[in-house]
Amino acid sequence: KAEFLRRDHEIGVHTEVVVSPEDNLEIRKITVTNFSGKSRKLELTSYGEVVLGSARGESAHPAFSNMFIESEYISDFDSILFSRRPRSDKEQRTYLFHTLSMNVV
């Protein structure tokens, strides 16, 4: 587990990153706290570079590797599911699941 804390202009951000020891899985939890007495409007942007292939293949031909990535919105989970189409019968399909959930208190 790794934690990052930051506070600017009375806004605190606490980021926790956890990697599963059993699965190829990373979870990030971001907690934003308003320490001021006034209402604030904030935007939080999530970004990730979807690769789903070998590091060697991606660095050799990044544009070609991206041609095999498909994505779809899964409304039941408010998430985006990415998958890499197999290039041959020997290759397995790989997946990446990205979701965002919010609790406003």
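Provided above is the structure to which this section pertains.
Computed from a predicted structure; not experimentally measured.

Across its full length, the protein chain holds two helices and six strands. When the elements of the protein chain are put in sequence order from the N terminus, they spell out β-β-β-α-α-β-β-β. When its C-alpha atoms are laid out on the principal axes, the protein chain stretches across 60 × 30 × 30 Å. Considering only contacts in the protein chain between residues 6 or more positions apart, those separated by 24 or more positions represent 15%. Accessible surface, the protein chain as shown: approximately 9300 Å² in total, 53% of it carbon and sulfur.

Our focus in this paragraph is the sheet that holds strand β4 (residues 69-74). Strands sit in the order β4-β5-β6 across an open sheet of three strands; the sheet is antiparallel. If you trace the sheet from one side to the other, it starts and ends with β4 and β6 (94-99), each paired once. Put simply, the sheet's adjacent strands are angled 20° from each other on average, direction ignored. Two elements, β4 and strand β5 (residues 79-84), share six bridges in a ladder whose sense is antiparallel. Bridge pairing links Ile74 to Ser79 in β5.

So, about the packing of aromatic side chains. By the definition in use, this model includes one aromatic pair. An angle of 75° between the planes, with centres 6.2 Å apart, marks the rings of Phe77 and Phe97 as edge-to-face. On the criterion of sequence distance, the pair formed by Phe77 in the loop between β4 and β5 and Phe97 in strand β6 is long-range, its members being 20 residues apart. Since its relative accessible area comes to 55%, Phe77 is described here as exposed. Take Phe97: its relative accessible area is 49%, and that puts it in the partly exposed class. Sitting above the plane of the Phe35 ring, Arg7 keeps its charged end 3.9 Å from the centroid. A cation sits over an aromatic face here: Arg87 above Phe68, 5.5 Å from the ring centre.

This part is about unusual backbone geometry. Phi at Glu10 takes a positive value of approximately 65°, unusual for a residue other than glycine. Residue position: Glu10 is located in the loop between β1 (2-8) and β2 (11-19). Judged by relative accessible area, which is 39%, Glu10 ranks as partly exposed. Within the chain, Asp78 stands out as a residue other than glycine whose phi angle is a positive 50°.

Thresholds applied
- Residues numbered from 1 in each chain as written.
- Predicted model: local features only at pLDDT ≥ 70, side-chain atom pairs only at ≥ 80, totals over all residues.
- Heavy atoms only, no water.
- Helix = DSSP H or I, 4+ residues; strand = E, 2+ residues; numbered from the N terminus.
- Contact = heavy atoms within 4.5 Å.
- Areas by Shrake-Rupley, 256 points an atom, 1.4 Å probe, with all protein chains shown as cover.
- Pairing = 2+ DSSP bridges.
- Axes fitted to C-alpha atoms, helices over the stretch in contact; angles between N-to-C directions.
- Phe/Tyr/Trp six-rings, centres within 6.5 Å; stacked < 30°, edge-to-face > 60°.
- Buried < 20%, exposed > 50% of the residue type's maximum accessible area, 1.4 Å probe, protein only.
- Lys NZ or Arg CZ within 6 Å of the ring centre and 35° of its normal.

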